[in-house]
Amino acid sequence: MSIDSALRQRSPDAQQRQRVISVLARAGTQALEQYYSSLPQLPEFRFIRKPECGLALVRGRIGGTGGAFNVGEMTMTRCAVENEAGVRGFGYVAGRNRRHAELAAIFDLLLQLDASTHESALITPLEQAWRAEREQTSRKAAATKVNFMTMVRGESE
């Protein structure tokens, strides 16, 4: 089974977890810090893997549908935490922000323990803010779009 088909067959829980980890990775560190400081009780956890920076291979596809190729490498930071019950949280973020990766891992852990509370208070607003920013960027790009038309000239006599 290829990786692509395995990803398409993932469970709804896996899709939700992937969405959460994605939103946490895109979120600003300041927003995560603000939510963390507003928690009534800070979570207890231990590090499985303290935040560490490294490189990740970035792959692309020719024309969006063609064969995969290696674009290059990017800096990435990862972190893993675990609570006393053995529930694990993971954080993966682009760049070298160790605190961002740590907070992402902590919130991944918290969302597995109490998704109903943290989903509506943290993930939904962060995702809406990201989508609004993405929409604004798309509008700016669309405003500068140039449509080129190819003209065929007749043969000169």
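Before reading further, recall that the structure is shown in the block above.
Conventions and cut-offs
- Residues numbered from 1 in each chain as written.
- Predicted model: local features only at pLDDT ≥ 70, side-chain atom pairs only at ≥ 80, totals over all residues.
- Heavy atoms only, no water.
- Helix = DSSP H or I, 4+ residues; strand = E, 2+ residues; numbered from the N terminus.
- Buried < 20%, exposed > 50% of the residue type's maximum accessible area, 1.4 Å probe, protein only.
- Contact = heavy atoms within 4.5 Å.
- Areas by Shrake-Rupley, 256 points an atom, 1.4 Å probe, with all protein chains shown as cover.
- Pairing = 2+ DSSP bridges.
- Axes fitted to C-alpha atoms, helices over the stretch in contact; angles between N-to-C directions.
- Patch = residues over 30% accessible without salt bridge, like charges linked within 9 Å, V, L, I, M, F, W, Y side chains within 5 Å.
- Salt bridge = Lys/Arg side-chain N within 4 Å of Asp/Glu carboxyl O.
- Parallel < 35°, antiparallel > 145°, perpendicular 65-115°, else oblique.
- Left-handed = near helix turned anticlockwise from the far one by under 90°.
- Nonpolar A, V, L, I, M, F, W, Y, C, P; charged D, E, K, R; others polar.
- Phe/Tyr/Trp six-rings, centres within 6.5 Å; stacked < 30°, edge-to-face > 60°.
- Core = buried A, V, L, I, M, F, W, Y, C linked by side-chain atoms within 4.5 Å.

### Describing the overall build of the protein chain
Thinking step 1. Looking only at helices and strands, one finds five helices and three strands in the protein chain.
Thinking step 2. Shown N-terminal to C-terminal, the secondary structure of the protein chain runs as helices and strands in the order α-α-α-β-β-β-α-α.
Thinking step 3. A buried classification covers 26% of the 157 residues belonging to the protein chain.
Thinking step 4. Counted over contacts in the protein chain with a minimum sequence separation of 6, partners at least 24 positions apart contribute 54%.
Thinking step 5. When the accessible surface of the protein chain is summed, it comes to about 11,300 Å², and 51% of that surface belongs to carbon and sulfur atoms.

### Overview of the sheet that holds strand β2 (residues 68-82)
Thinking step 1. The sheet built from three strands is open, its strands ordered β1-β2-β3 with antiparallel pairing. The open sheet has two free edges, formed respectively by β1 (46-61) and β3 (88-94), since each of these has just one partner strand. Ignoring strand direction, the axes of neighbouring strands in this sheet form an average angle of 25°.
Thinking step 2. Relative to β3, β2 is paired through seven bridges, and the arrangement is antiparallel. Paired with C79 across the two strands is G91, which belongs to β3.

### Comments concerning a nonpolar patch on the surface
Thinking step 1. A cluster of nonpolar side chains, contributed by I62, F69 and V71, occupies part of the molecular surface with about 290 Å² of accessible area.
Thinking step 2. Locating V71 in the fold gives a position in strand β2.
Thinking step 3. Overall, V71 belongs to the exposed group, its relative accessible area being 54%.

### Structural notes on the packing of helix α2 (residues 12-26) against helix α4 (residues 98-113)
Thinking step 1. At their nearest, the axes of α2 and α4 sit 9 Å apart, and the two run at 150° to each other. As far as their axial angle goes, α4 and α2 are roughly antiparallel. Here α2 and α4 pass one another in a crossing that is right-handed. Between α2 and α4, the residues in contact are R17, V20, I21, L24 and A25 and H100, A104, F107, D108, L111 and Q112, respectively.
Thinking step 2. Grouping the amino acids of the contact of α2 with α4 by side-chain chemistry returns seven nonpolar, two polar and two charged.

### Some details on the pairing of β3
Thinking step 1. Residue alternation in β3 divides its side chains into a buried set, G89, G91 and V93, and an unburied set, R88, F90, Y92 and A94.
Thinking step 2. Following β2, the chain reverses through five residues before pairing antiparallel with β3; G86 in that reversal takes a positive phi of roughly 90°.

### Considerations on the packing of aromatic side chains
Aromatic ring pairs are defined here through the distance separating the ring centres and the angle between the ring planes.
Thinking step 1. What the rule picks out here adds up to three aromatic pairs.
Thinking step 2. Aromatic side chains Y35 and F107 sit 5.5 Å apart centroid to centroid with 65° between the ring planes, which places their arrangement in the edge-to-face category. You can see Y35 sitting in helix α3 (residues 29-37) and its partner F107 sitting in helix α4, a full 72 residues away along the chain.
Thinking step 3. Owing to a relative accessible area of 13%, Y35 belongs among the buried residues under this scheme.
Thinking step 4. The class of F107 is buried, set by a relative accessible area of 1%.
Thinking step 5. Centre to centre, the rings of F45 and F47 are 5.5 Å apart; their planes meet at 90°, and the pair counts as edge-to-face.
Thinking step 6. Taken together, the ring pairs in this structure connect Y35, Y36 and F107 into an aromatic cluster.

### Focus on the nonpolar core
Thinking step 1. Core analysis: the largest hydrophobic core is formed by 17 residues, its most contacted members being L24, L32, F107, L122 and I123.
Thinking step 2. The biggest single contributor to this core is α4, with six residues.
Thinking step 3. Those residues in contact with L24 that lie beyond four places of it in its chain are L32, H100, A104, F107, D108, L111, L122 and I123.

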